[in-house]
Amino acid sequence: MPRIEFGSWVNDTVEWLTTHMGWLFDFFEQVFRGAYEGVDSVLQAPEPLLLAGIFAVIASWLRGALAGVLTFAGFAFVISLELWENAMMTLSLVVVATVIALVISVPVGIWAARSNRVSSVVRPALDLMQTLPAMVYLIPAILFFGSGAAAGIVATLIFALAPGVRMTELGIRQVDKELVEAAEAFGTTPRDTLLRVQLPLALPTVMAGVNQVIMLGLSMAAIAGMVGADGLGGDVNEAIGQLNVGLGAEAGIAIVILAIYLDRMTSALGTEVSPLGRRAAARLRAAQGLKIWSYRPRPAVAVVGVVVLALVAGGMGIFGSSDKTAPVAADTNVGQGKKISIGYIPWDEGVASTYLWKEILEQRGYEVETKQFEAGPLYTSLSQGDVDFQTDAWLPITHEQYWKKYGAQLEDLGSWYGPTSLELSVPAYMKGVDSLEDLKGQASKFGGKITGIESSAGMMSLLKSKVLKEYGLDKEYKVVDSSTPAMLAELKRAYAKQEPIVVTLWSPHWAYNDYKLKKLKDPKGAWGEGDGVHTVARKGFAQENPVVGEWLKNFKLSEEQLTSLESEINRAGKGKQQDAVRAWLKDNQGVVDKLAPVQNAAGAAPAETKRPVDVAWFPWDEDIAVTYLWKNVLERRGYKLNLKQMDVGPVYTGLASGDLDLNFDAWLPYAQKNYWDKHKDKLNDLGTWYEPTSLELAVPSYVKGVDSLEDLKGKADLFDGRIVGIEPGTGEMNLLKTKVLPGYGLDKEYEVVDGSTPAMLAELKRAYAKQEPIAVVLWSPHWAYSEYELTKLKDPEKYFGEGNTIRTISSEKFPEQYPQLTKWIKNFKMSEDELGTLEAEIKDRGQGHEEEAVAAWLEEHPDMVSRMTPQ
């Protein structure tokens, strides 16, 4: 029977949706993430014990005093486990997912209850949603919505949606038909019948559905943690990844406390909002009499208590300081609070290197977020730009399948450790088994199985498709897919009993220190030559973060450093990775400065890079290009530039007063002569970086018979008597008005329209599109000459002068304050082709993307950095 390519159809459908409906998924991703962050901000703002008190008051109102006491005790226990922040993240995710699920499920349930046809269509869909393995929902969720909270919310609400629909439909269908018929007989509209008869009577069943939605949402918490959703799910996955029973138990009991609280409160709320439920509860209380542990405050009292606690908590959240970040010295504050996210697989070297970089980057002023994933979701998140980089890519072998699929959307920043090795290992007490060849014919000794790790790992794919076949073991042994923690647990159990076992392992790994193991030799080289452990980033990360990109490209750790760091982290235990890194760094002085040098400019004094450089720029193409070029290059050398857009006059005044340091776009000796002459005693000329330039008037080439300034004479009517100019304060405009036009006798015939460069270019574009005559003020070089066919009007009398040079000018004290930078600037040169292509790159990417454009241009001109700032 031919194979039905169902999986291929699904893949094609998903690819089509991501390509053509990406905008819609992006919109919903922003909505879900915004709702989650909003709820989480509210829950995280107050002091934990105060919020626990609010939850306790609500419990007292709904369930009685005993429930309030137990609620406070339970949440206080979560606080004492230092899991409160993660618990509130999980609660936020469940709340948002539940609300969205109910907004969908209740109307659908009502519709299904009132239409048998709709019910027959909805029921199979609900069956599919409830029986499909929960983890399957993570695949489309991460593809459509990226990693993090949004994907977790979507996967959770889909999984939890079904009981809301089923219970709503069931509750409405169970309402006594005679009551419905009676309402209709009295002329009640279908809408009023639904709202005043069916829903109130069905409310206990509907609330039971709400309860089930919440419970199923919580059951997805751990699974959602696999796609980077924060909260207790991340702790559960971390515990699984590290085989940490203690952390798993703590995170699990925190989820149980949340679940019990939400279950009891929603059940009680269902009773409270139902008229029948309230009457039944009142009769029960009357029969039992007044008891302290069942005492329930009146709703008004409960509301007052909640409001008072909320006001106190809100005040503490507003006036208290929640900033726990350690201060960063000014000279090392490279990041200035910029956010960076690091993804990691819970493998020892991945955990160690990730938290090492988290600590280093935070010491350098960055705000760092770490997210734990399985290998597949991590590469997907990197390719989608949801994670900035990861440090545990085993290439070219182990992660080959992921690199082939996502490599075009990623950047390989190089190997920081290697070579590694992949192998099968057995305990040292297994005599006569020293090579893969020795496994032949001994399958019965090992139960016919090889204990593996995650099926998604490249190592597992290589083992099954090549290694076993190479040694003729594929028919004799079965590879048991599991996980790294499960494999280590099996190894630990077998080792304790001195039983035979063969497991997949790799080097370096701490298991070789804890147990006496033998790496089975691979004489045929089926495993390959070994990998390097690479740092892989999303596309464009190194361009947007050149300093961090350079640090990561130069990152190296020795085997001794890596294993000692892993050991320190293992000893520290659950949730203490960064504390372990800090302790390790104390014993390894100089590692931070070596891996993330804040000052790597050859010959530059430390004080030179500590003081920010204030650079003023004009909104002219060549100035934008050269300013952002220097910003990129100098930030790689440890400098910080403050860019300020200003007009020409204020720039010269600011440089002369010392309020500004640099300007890279001084057109001298003509265009800005009047400003230079006025302030030159308090300025420094640091030299020419581009020449020659020219100032001119230009007309479109379709304006025939106008090739020279002399040809404008008598043709004012053709151009409506005007010449479209730029900013009135520029030297070119002054020169045009005072010398050029009078020199050719055009000053009485033409009016120069003051404006701005963008306005002039807009006028030129509009006239060119309509093939209308226009004369504009222009200069060379300028991209307009490549965009339009223009005629530069000749200046036979040389009233515009012989041409300018583009120079860098500085404040009077700049050379003393920045001797190395002054030296670099004086030697700086750009060709017409270099400047033109850089301007074009910036123009193509658009306003606001100048830094990205410069970074991309530098990738195409790799020698430029070393030319500008030789070390």
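Below is a summary of the structure that appears in this document. (Residues numbered from 1 in each chain as written. Predicted model: local features only at pLDDT ≥ 70, side-chain atom pairs only at ≥ 80, totals over all residues. Heavy atoms only, no water.)

## Quick word on the overall build of the protein
Each helix and strand counted, the protein has 38 helices and 20 strands in total. A buried classification covers 51% of the 871 residues belonging to the protein. For the protein, restricting intrachain contacts to residue pairs at least 6 apart in sequence, the fraction spanning at least 24 positions comes to 80%. Summing over all exposed atoms, the protein offers an accessible surface of approximately 40,200 Å²; the carbon and sulfur share of this is 56%. (Helix = DSSP H or I, 4+ residues; strand = E, 2+ residues; numbered from the N terminus. Buried < 20%, exposed > 50% of the residue type's maximum accessible area, 1.4 Å probe, protein only. Contact = heavy atoms within 4.5 Å. Areas by Shrake-Rupley, 256 points an atom, 1.4 Å probe, with all protein chains shown as cover.)

## Focus on the packing of helix α3 (residues 48-63) against helix α5 (residues 84-114)
Where α3 meets α5, the axes come as close as 11 Å, and the angle between the chain directions of the two elements is 45°. With respect to α5, the element α3 is oriented oblique. For the crossing formed where α3 meets α5, the hand is left-handed. On α5, the residues that touch P48, L51, A52 and F55 of α3 are W84, M88 and L91. (Axes fitted to C-alpha atoms, helices over the stretch in contact; angles between N-to-C directions. Parallel < 35°, antiparallel > 145°, perpendicular 65-115°, else oblique. Left-handed = near helix turned anticlockwise from the far one by under 90°.)

## A closer look at the pattern of salt bridges
On inspection of all chains with the given rule, the structure shows 27 salt bridges. Here R364 makes a salt bridge to D593, at a shortest N to O gap of 2.9 Å. Remark: D593 occurs in helix α26 (residues 591-595) and R364 occurs in the loop between α16 (348-363) and β2 (367-372); sequence separation between them is 229 residues. As a salt-bridge pair, R493 and E490 come within 2.7 Å of each other at their nearest N and O atoms. Linking R493 with E490, this pair stays in helix α20 (residues 484-497), spanning three residues, or about one helical turn. (Salt bridge = Lys/Arg side-chain N within 4 Å of Asp/Glu carboxyl O.)

## Thoughts on the pairing of strand β8 (residues 503-507)
Of all five residues making up β8, five are buried, and the element is well covered by its neighbours. One ladder, built from five bridges, connects strand β5 (residues 421-427) with β8; its direction is antiparallel. Note that in β8 the partner of L424 across the bridge is T504. (Pairing = 2+ DSSP bridges.)

## Focus: the environment of W783
If you trace the backbone, W783 turns up in the loop between β18 (776-780) and α33 (784-787). For W783, a relative accessible area of 16% puts it in the buried group. Spatially, the C-alpha atoms of W783 and D621 are 8.2 Å apart, while their sequence positions differ by 162 residues. When sequence neighbours within four positions are dropped, the list of residues in contact with W783 reads D621, L761, Y788, E839 and K843.

## Re the packing of aromatic side chains
Here the structure, examined in full by the defined rule, presents 29 aromatic pairs. Between Y639 and W824, the aromatic rings sit 6.2 Å apart at their centres with planes inclined by 75°, giving edge-to-face as the arrangement. Of the two residues, Y639 sits in the loop between α28 (621-636) and β12 (641-645) while W824 sits in helix α35 (residues 819-826), which places them 185 residues apart along the sequence. You'll find Y639 and W824 in the same group, each marked buried. Taking the centre distance of 5.2 Å and the plane angle of 90° together, the rings of Y744 and Y799 count as edge-to-face. Pair noted here: Y744 is in the loop between α31 (731-743) and β17 (751-753) and Y799 is in the loop between β19 (790-792) and β20 (805-811), with a separation of 55 residues, a long-range link. Look at Y799 and you get partly exposed, because its relative accessible area is 21%. Ring-pair connections join several aromatic residues into one group, and the members of that group are W630, F664, W689, Y690 and F828. Lying over the aromatic face of Y471, K524 brings its terminal NZ or CZ to 5.0 Å of the ring centre. (Phe/Tyr/Trp six-rings, centres within 6.5 Å; stacked < 30°, edge-to-face > 60°. Lys NZ or Arg CZ within 6 Å of the ring centre and 35° of its normal.)

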